[in-house]
Structure formats: structure tokens, C-alpha cells
Amino acid sequence: MKKFDVQTYLEEKGDLLDGLILSFMPPEHTHPGIIHEAMHYSLFSRSKRIRPILALATAEALGCPAETVIPYACALEMIHTHSLIHDDLPSMDNDDIRRGKPSSHKIYGEGLAILAGNGLLVQAFEILSRENGNPAKQLAALHCLCRAIGTEHGLLGGQVMDLSLQGKPFTEDDLAYIHSSKTGALIEASVVGAAILAGAERPVLDNLREYGRKVGLAFQIADDLLDVTGSPEKMGKKTGKDEISEKATYPALFGIDASREKACALVEAAVSELEWLKEKGEVLTELARFISIRKF
Ligand code: GRG
């Protein structure tokens, strides 16, 4: 049997997703052209597409046709891109480079960058509200996604704490909240939402939720580490910013080696949640391992 190569898998699924995401977008020159151009600019810049790839891989592991989760997967990428555009704004992280290119507000100005981000968020929910023939599962996946981006334990809550604790003392609990909410929650929802659409029920859903939760936290620890040790060219953004902005990060609290160990331990714990899937869990296993050793 051919050995699974995660890099090739990421490239192939990334190319496939580019075309699918495009098919769910208003064309770039739709009136008013400037907003659609700005939405396309950020959405089709170089990205790993890890969230939709996790959704596709979850469906695959559960033996569900990709078509069932494709709209959800594409919506995930739009919401993620929305969060990146807003995160880069001068009023938030003030980043000039994203996905290897000038950030949205550097090209279009702040007003349009805010609107382009909002445009992607609304487009995601427009896709998610399209009839799919199974309203109960659709609603359950939608609910999972809304929780993941909300203010309690989702992207919004995590971002609020990330901004609030900048330059201030923070605890391990603060850090776990920020990372699991700001980044982990959407990664967890990539897996859990896809599993819901694929018809998974307890205890399968619980196992996959734990996998997603651990992978999500490991993903942000790896991101913290790459800010210290990574290459700006490979990352497509400036590095070394967390220390300057006095951000709450794992390396700041535990140092590089201990943070690396934490990320690896989380990934292996995530992988152990997949044992029952046997060989069907191979792709999700390799994606989790890629997350802790990634260089971009
Ligand atoms: C979604 C309603 C709503 C609000 C968003 C601005 C904001 C609130 C949150 C910011 C969250 C954020 C930017 C977290 C960082 C997550 C992270 C590690 C991003 C990098 O993800 P990658 O490496 O990037 O997957 P690519 O470019 O490969 O997609």
C-alpha cells in the first residue's frame, strides 16, 4: 500500500478547495466591485486551508461523501478569513502582512477591510442557510459553529481576552482560555460540525470533539512557537511580534522546549482519541501530527 504523504494530501485538498470556495462566492467583479475584489483578495491568498481540510477528512473517516460537508467546509474558510482580516486591523493586532501579501487594510483602507471581513462572514452564513435536504443536521452543525465563534468560549471571547491581557500579567488558565477560544474552537468545530453533518452521534461525536479540542490548542501553541522560531517568508506574515506586543503565549509562560513538548503531547493525546477508527483514522492522525511539526 502507498504510504500516506500529508504534504501531498494538503496540496491536493487545498487545490480542490480553492475551486469549491470560488464556486460559493459572488464573482470578483460583481457590483459593487471593490468589496468583492477585497473579499477575493484575502480569501484566495496563500493559505493552508486546514479548517476545511479537517472537515473533509472527518467526513472521509466516517465514510460520508464529501458533498455533504463541502458547503460547511467552505463556510469555515470564509469565517476564518474574516477573522484574519479583522485581526490585522490597526485597532487589533496591526499587522501589515498576511498570507504573504499586504493585509487587506493596507490595500483597501480600514473601512473596506472591515466591510470585506463582514462580507465573508455573511457569505458563510448565506451558504450555511441554503437548503440541504437535512434541516435537523444542518441546524445542529450551524449551532456548533455559532458557539465556536461567539463570545462565551469562541473566537470572539478569545480575541477579547487576547487584547485585554496584552502587556499584563496572565495565568496558565488565561492562556488556555485564549488559545482554546481564539483558535481552538473553530478547529474543533471544523471536526465536530462535519461529524454532525455526516450523521455521527455519541460516543463518536465526543471522541471527535476531544480530538478537535486538543488539535486546536496544539495548533495555537505551534503558532506561538513559529512566531519565535519560524521564518516570515514561510509563514507569510511578520514573526517576533508576540514578544514586542507582550502577548499571552505559551513560549512566554513556559519557554520554547516546554511549549513544544506540550504541543506534541496534546497531538498524541488527540491521536489516541481516534483508535476506534483504526486505519480510517490515518488522515486525521497525520493532519494532527503535521500541526505540531509544521513550519508555516
Ligand atoms: C468570527 C465573529 C467573529 C469574530 C472574529 C478578529 C477575531 C474575532 C478573532 C481573531 C482570531 C484569530 C485571528 C486567531 C488566530 C488564529 C490563527 C492561528 C490564525 C492562523 O491560521 P492559519 O495558520 O492561517 O491556519 P492560514 O493563512 O494558513 O489560513
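Our structure's up above, just so we're on the same page.
Predicted model, so just to flag it, every value in this text is computed and none were measured. (Residues numbered from 1 in each chain as written. Predicted model: local features only at pLDDT ≥ 70, side-chain atom pairs only at ≥ 80, totals over all residues. Heavy atoms only, no water.)

> Explain empty space enclosed by the protein residue by residue, including any values.
If you roll a probe as big as a water molecule over the atoms, it shows you where there is empty space left. The tally for this structure, following the rule as stated, stands at one cavity of 30 Å³ or more. Taken as a whole, the largest cavity holds about 100 Å³ of empty space. Along its surface, the largest cavity is lined by Tyr41, Ser42, Ser45, Thr81, Leu84, Ile85, Asp88, Arg98, Arg99, Pro102, Ser103 and Ser104. Looking at the lining of the largest cavity, the elements that each hand over two or more residues are helix H2 (33–43) and helix H4 (70–87). Counting residues per element, the lining of the largest cavity draws most heavily on H4, which supplies three residues. (1 Å grid on protein atoms, 1.4 Å probe; cavity = no way out; pocket = protein on both sides within 12 Å on 5 of 7 lines; lining within 4 Å. Points joined across faces, edges and corners; volume = space filled by probe spheres on them. Helix = DSSP H or I, 4+ residues; strand = E, 2+ residues; numbered from the N terminus.)

> How would you sum up the nonpolar core? Please name residues and give values.
Counting residues in each nonpolar core, the largest one holds 86 residues, and the members touching the most others are Leu54, Tyr72, Met78, Leu145, Tyr211, Leu284 and Leu287. Of all the elements, helix H8 (residues 172–197) adds the most residues to this core, at 12 residues. Leucine 145 has contacts with Tyr72, Leu76, Ile79, Leu128, Leu186 and Ala189, leaving out every residue within four places of it along the chain. (Core = buried A, V, L, I, M, F, W, Y, C linked by side-chain atoms within 4.5 Å. Buried < 20%, exposed > 50% of the residue type's maximum accessible area, 1.4 Å probe, protein only. Contact = heavy atoms within 4.5 Å.)

> Residue-level account of a negative patch on the surface, with values.
Judged by side-chain charge, Asp5, Glu11, Glu12 and Asp15 come together as a negatively charged surface patch. Counting through the fold element by element, glutamate 12 comes out in helix H1 (residues 6–23). Of the residues examined, glutamate 12 reaches a relative accessible area of 54% and is grouped as exposed. (Patch = residues over 30% accessible without salt bridge, like charges linked within 9 Å, V, L, I, M, F, W, Y side chains within 5 Å. Areas by Shrake-Rupley, 256 points an atom, 1.4 Å probe, with all protein chains shown as cover. Salt bridge = Lys/Arg side-chain N within 4 Å of Asp/Glu carboxyl O. Lys, Arg positive; Asp, Glu negative; His and termini not counted. Charge placed at Lys NZ, Arg CZ, Asp CG, Glu CD.)

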